[in-house]
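The primary structure of each chain is shown beneath.
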Amino acid sequence: MIAAFLGLRLYSVLGKRTGHEQEPVLRRPDEHPRAVAQAPKDDVIEGRVVDPVGIPDTVYHPAAETGIRKILNADRSFDVGKFLGGAQAAYRMVLEAFWAGDRETLRDLCDDDVYAAFDGAITAREAAGETLDNRLVAIEEATIVGASLNGSIADVIVRFDADISAVTRDADKQVIAGSLSDGVQTHDIWTFTRDLASNDPNWVLDETDVA
């Protein structure tokens, strides 16, 4: 499962607006969402991000505010709420593809180095005759804990707190590790990067760590 946190390519759903949403607004946690949603464009207040398209309010760490504002200034199509919602979807998608040994999906989601790591882990698992019967029970929270812009290179760091049920089976389908009835809490940090000057809308998972 650790190998599943190595990387993926995210598609343009992350951080892109359709053109019909309001600008993202950062607000204090004690402010009412409806009131804040009517704030003027570019009104930035330390606190939370109001997602204008129906995704529940998503939290960012105060340390990420400066970086988020720089990315917004450099790329007006970037949407914090949509990015975070897409990051959660990608988190689930890449884990499930790795657990299933779905190389085709992983090939679409990963850059060359990351795909090679996934492929190596799957190959080792197959050689041992083992399979993973894992399930992402829930993503309890996804939080942007950091963001930066260096030249045209944007980095967004997301912490995922999730519950995962993990079981490893041998060639005879017997459980040799884990339990599907007991979820394990995981706390992971993924750093997504993208060159804003590029026509490629994809974000790449550049780094992972354990929170």
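Residues numbered from 1 in each chain as written. Predicted model: local features only at pLDDT ≥ 70, side-chain atom pairs only at ≥ 80, totals over all residues. Heavy atoms only, no water.

Visitor: Account for the environment of T193, with residues named and values stated.
Guide: Its location among the elements puts T193 in strand β8 (residues 175-195). Accessibility expressed as a relative area gives 15% for T193, which makes it buried. Between the C-alpha atom of T193 and that of W203, which follows or precedes it by ten residues, the distance is 5.5 Å. With sequence-adjacent residues up to four places away left out, T193 is seen in contact with I153, A154, D155, N202, W203, V204 and D206. One polar contact links the side chain of T193 to the main-chain carbonyl oxygen of A154, over a distance of 3.2 Å. In this structure the side chain of T193 is engaged in a polar contact, spanning 2.7 Å, whose partner is the side chain of D155. (Helix = DSSP H or I, 4+ residues; strand = E, 2+ residues; numbered from the N terminus. Buried < 20%, exposed > 50% of the residue type's maximum accessible area, 1.4 Å probe, protein only. Contact = heavy atoms within 4.5 Å. Polar contact = N/O pair within 3.5 Å; in protein donor to acceptor, adjacent residues only side chain to side chain.)

Visitor: Before we move on, can you summarise helix α2 (residues 65-74) with the specific residues and values?
Guide: Inspection of α2 places E65, G67, I68, I71 and L72 among the buried residues, and these make up the whole buried set. When α2 is viewed along its axis, its buried side chains cluster within an angular range of 165° and face the same direction. Exposed positions of α2 whose direction lies more than 90 degrees from the buried face are T66 and N73. (Arc of directions from axis to C-beta.)

Visitor: Hey, could you go over the packing of helix α3 (residues 80-100) against helix α5 (residues 112-127) for me, with residue numbers and the actual values?
Guide: Where α3 contacts α5, the two axes come as close as 9 Å, and the packing angle between them is 35°. Residue-level inspection shows V94, F98, W99 and A100 of α3 in contact with α5, the latter providing F118, A121, I122 and R125. Split by residue class, the contact of α3 with α5 holds seven nonpolar, no polar and one charged. (Axes fitted to C-alpha atoms, helices over the stretch in contact; angles between N-to-C directions. Nonpolar A, V, L, I, M, F, W, Y, C, P; charged D, E, K, R; others polar.)

Visitor: Please set out the nonpolar core residue by residue, giving values where relevant.
Guide: Counting residues in each nonpolar core, the largest one holds 40 residues, and the members touching the most others are L106, I144, V158, F160 and F192. For this core, the secondary-structure elements that each account for two or more residues are α2, α3, α4 (103-109), α5, β6 (135-150), β7 (153-169), β8 and β9 (203-210). Sort the elements by how many residues they give to this core and α3 lands first, with ten residues. Once you skip the residues sitting within four places of it in the chain, I144 turns out to touch V59, Y60, H61, A64, I68, V80, L84, V156, I157 and V158. (Core = buried A, V, L, I, M, F, W, Y, C linked by side-chain atoms within 4.5 Å.)

Visitor: Summarise the packing of aromatic side chains; cite the residues concerned and give the values.
Guide: Counted under the stated rule, the structure contains nine aromatic pairs. Ring geometry for F78 against W203: centres 5.9 Å apart, planes inclined by 45°, an arrangement best described as tilted. Here F78 is found in the loop between α2 and α3, whereas its partner W203 is found in strand β9, with 125 residues between them in sequence. Its relative accessible area of 2% is what places F78 among the buried residues. Taking relative accessible area as the criterion, W203 reaches 2% and is therefore assigned buried. Taken together through their ring pairs, the aromatic side chains of F78, F83, Y91, F160, W190, F192 and W203 make up a single cluster. Across from the ring centre of F98, 4.9 Å away, lies the NZ or CZ of R125, which sits over that ring. (Phe/Tyr/Trp six-rings, centres within 6.5 Å; stacked < 30°, edge-to-face > 60°. Lys NZ or Arg CZ within 6 Å of the ring centre and 35° of its normal.)

Visitor: Which residues make up the confidence of the model for the chain, and what values go with them?
Guide: Looking at the chain, the pLDDT average stands at 75 and 73% of residues meet or exceed 70. The weakest mean pLDDT in the chain belongs to helix α1 (residues 33-37) at 28; the strongest belongs to α2 at 95. (pLDDT = per-residue confidence, 0-100.)

Visitor: Outline the pattern of salt bridges, supporting the account with residue identities and numerical values.
Guide: When charged atoms on two side chains of opposite charge get close, those side chains can pair. On inspection of all chains with the given rule, the structure shows seven salt bridges. A salt bridge links R69 to E65; its shortest N-O distance comes to 3.9 Å. Residue R69 and its partner E65 are located together in helix α2, separated by four residues, close to a single helical turn. Assessed through its relative accessible area of 11%, E65 is described here as buried. The residue E96 makes a salt bridge to R92 at a minimum N-O spacing of 3.6 Å. With a gap of four residues between them, E96 and R92 both fall in helix α3, about one helical turn apart. (Salt bridge = Lys/Arg side-chain N within 4 Å of Asp/Glu carboxyl O.)

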